[in-house]
Amino acid sequence: MLRYVLRQTTVMGLSLLVASALIFSVVELVPGDPASFMLGTGAQPETLAALRQQMGLDQPLPLRYAGWLGAMLHGDFGTSFTYKTPIGGMILDRLQVSLPLAVLALCLAVAIALPVGLYAAARRARAGGGLAMGATHVGIALPNFWLAMLLVLVFAVRLRWLPAGGFPGWSDPGAALKSLILPAVALALPQAAILARVLRSALIETMGQDYIRTARAKGLTEGQALRRHGLRNALIPVLTILGMQFSFLLAGAIIIENVFFLPGLGRMIFQAITQRDLIVVQSAVLVLVAAVIAVTFLVDLAYAAVDPRLRRG
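Quick caveat: nothing in here was measured; it's all calculated off a predicted structure. Along each chain, residue indices are assigned from 1 in the same order as the chain's sequence is written. Owing to the predicted nature of the model, reporting of local features is limited to residues with pLDDT of at least 70; listing and counting of side-chain atom pairs is limited to 80 or more, with chain, interface and lining totals taken over all residues. Water and hydrogen atoms play no part in the side-chain values, which are based on all heavy atoms of the structure.

1. Quick look at the packing of helix α5 (residues 87–122) against helix α8 (residues 173–206)
Convention followed: Lines fitted to the C-alpha atoms define the axes, with helices restricted to the stretch that makes contact. Angles between their N-to-C directions range from 0 to 180 degrees. Elements are defined by DSSP. Helices are runs of H or I of four residues or more, strands are runs of E of two residues or more, and each kind is numbered from the N terminus. Note on convention: near helix rotated counterclockwise from far helix by under a right angle means a left-handed crossing. Clockwise means right-handed.
Between α5 and α8, the shortest axis-to-axis distance is 6 Å and the interhelical angle comes to 40 degrees. Taken as a pair, α5 and α8 cross one another with a handedness that is right-handed.

Here is the structure:
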């Protein structure tokens, strides 16, 4: 197990290094000059040159990358050109919205997908199973931003049960959670549909194994064998999907955060792109990529703990 952990740690480190180089290069290749954007088209050449020097844009690209990466390794994410505040503090503030939103959406997705996947597998040859799979098709096909606007129209505008947007902060936990319910549901439903389909396929495959037939021969019904023996083994591939979904919910909620005016990481990156605040874009995207790689690493470790064959591979 130790060799497996060391190998995966090395892969994670190399992945982060490659990701940092790609992020820095792609952002730097974006057309336009941040200094010119900030000062406007009527700026004097001397003022423009001074700002470029202050922002480090006059240095060679490899030197700027090395300086940025070295500062990141020491915990210095830089300073926003637009807001003149440390980027590390901005990211921490926005994580207080994005992280609870991702966790809440993932919990809702699991709570929906487990019973739907179990029901669809148990009723796979009946009309109920077909209807459940049809519902998952609809859930996958619906764009989450359209679903978000529909939820706002029904539960915020018509029924007035939940707020339509904004985030009051965690000083009032009840109001904060209420403001995250609708965006979490909009994010969770498509992910629940994907997860239910994966769980159903894994359960159907598991039900054909010898130990399931032995359990049936001992007197268990199909539903009992499915819940007691099939579900535990079918959760192994589902674990990988859960890790991928959490990474997506953390890093891919930009549209939902803008629909609900949530001050999360996604909305911060969107605003930084429109303001040409490239240092914020680079640092925030690298933090999200690092979170995705870390979650994938933890899922690989959990997967190896469940399935010893991976450790020997």
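What follows picks up the thread again.
2. Digging into the side chain of Ser80
Let me state the cut-off plainly: The classification of residues rests on relative accessible area computed with a 1.4 Å probe and restricted to protein chains. Under 20% of the type maximum is buried, over 50% is exposed, and intermediate values are partly exposed. Here, two residues are considered to be in contact whenever any of their heavy atoms come within 4.5 Å of each other.
Relative to the elements of secondary structure, Ser80 occurs in the loop between α4 (61–73) and α5. What makes Ser80 buried here is its relative accessible area of 1%. In contact with Ser80, other than residues within four places in its own chain, are Thr85, Ile87, Met90, Asp277, Ile279 and Val280.

3. Considering the UniProt feature "transmembrane region" (unreviewed entry) in the protein chain
Rules: UniProt positions are given in the numbering used here, feature names are shortened, and annotations may be inferred rather than shown by experiment.
Under the UniProt annotation, the feature "transmembrane region" (unreviewed entry) is placed at residues 99–122, 134–159, 179–199, 234–261 and 281–306. Here residues 99–122 runs as 100% helix and 0% strand, with 34 Å between its end C-alpha atoms. With 100% helix and 0% strand, residues 179–199 has end C-alpha atoms that lie 30 Å from one another.

4. Comments concerning the nonpolar core
Side chains that are nonpolar tend, in soluble globular proteins, to be buried together. Selection rule: For this analysis, a nonpolar core means a set of buried residues of the types Ala, Val, Leu, Ile, Met, Phe, Trp, Tyr and Cys, connected via side-chain atoms within 4.5 Å. Domains are outlined according to an automatic or database domain assignment.
Counting residues in hydrophobic clusters, the biggest one holds 69 residues, and the most contacted among them are Trp68, Leu187, Leu203, Phe260, Leu262 and Met268. Summarising the domain contributions, this core has at least three residues from each of domain 1 (15–87) and domain 2 (95–306). With residues near it in sequence (within four places) discarded, Leu262 still touches Val97, Leu101, Gly166, Phe167, Ser179, Leu180, Pro183, Glu257 and Arg267.

5. Quick notes on α4
Let me state the cut-off plainly: By definition here, a helix of n residues has an expected span of 1.5 Å times n minus one. Picture the helix axis, draw a direction to every C-beta atom, and the arc is the one those directions span.
An ideal rise of 1.5 Å per residue puts 18 Å on 13 residues; α4 measures up with 18 Å between its terminal C-alpha atoms. If you check which residues of α4 are buried, you get Arg64, Tyr65, Trp68, Leu69 and Met72. Relative to the axis of α4, the buried residues are bounded by an arc of 125 degrees and lie together on one face. In this structure, α4 carries Pro62 and Leu73 as exposed residues pointing more than 90 degrees from its buried face. Just beyond α4, the residue with positive phi is Gly75, at close to 85 degrees.

6. A look at a nonpolar patch on the surface
Applied cut-off: Exposure above 30% relative accessible area and no salt bridge define the residues that can form patches, which grow by joining like charges within 9 Å and nonpolar side chains of Val, Leu, Ile, Met, Phe, Trp and Tyr within 5 Å. Per-residue and other accessible areas were derived by the Shrake-Rupley procedure at a 1.4 Å probe size, with only the shown protein chains allowed to occlude residues. We count a salt bridge whenever a side-chain nitrogen from Lys or Arg sits within 4 Å of a carboxyl oxygen from Asp or Glu.
A surface patch of nonpolar side chains, amounting to about 920 Å² of accessible area, comprises Phe145, Trp146, Met149, Leu150, Leu153, Val154, Val157, Leu159, Trp161 and Ile255. For the nonpolar patch, the element with the highest residue contribution is helix α7 (residues 144–158), accounting for seven residues. Within the element layout of this structure, Leu150 appears in helix α7. Judged by relative accessible area, which is 35%, Leu150 ranks as partly exposed.

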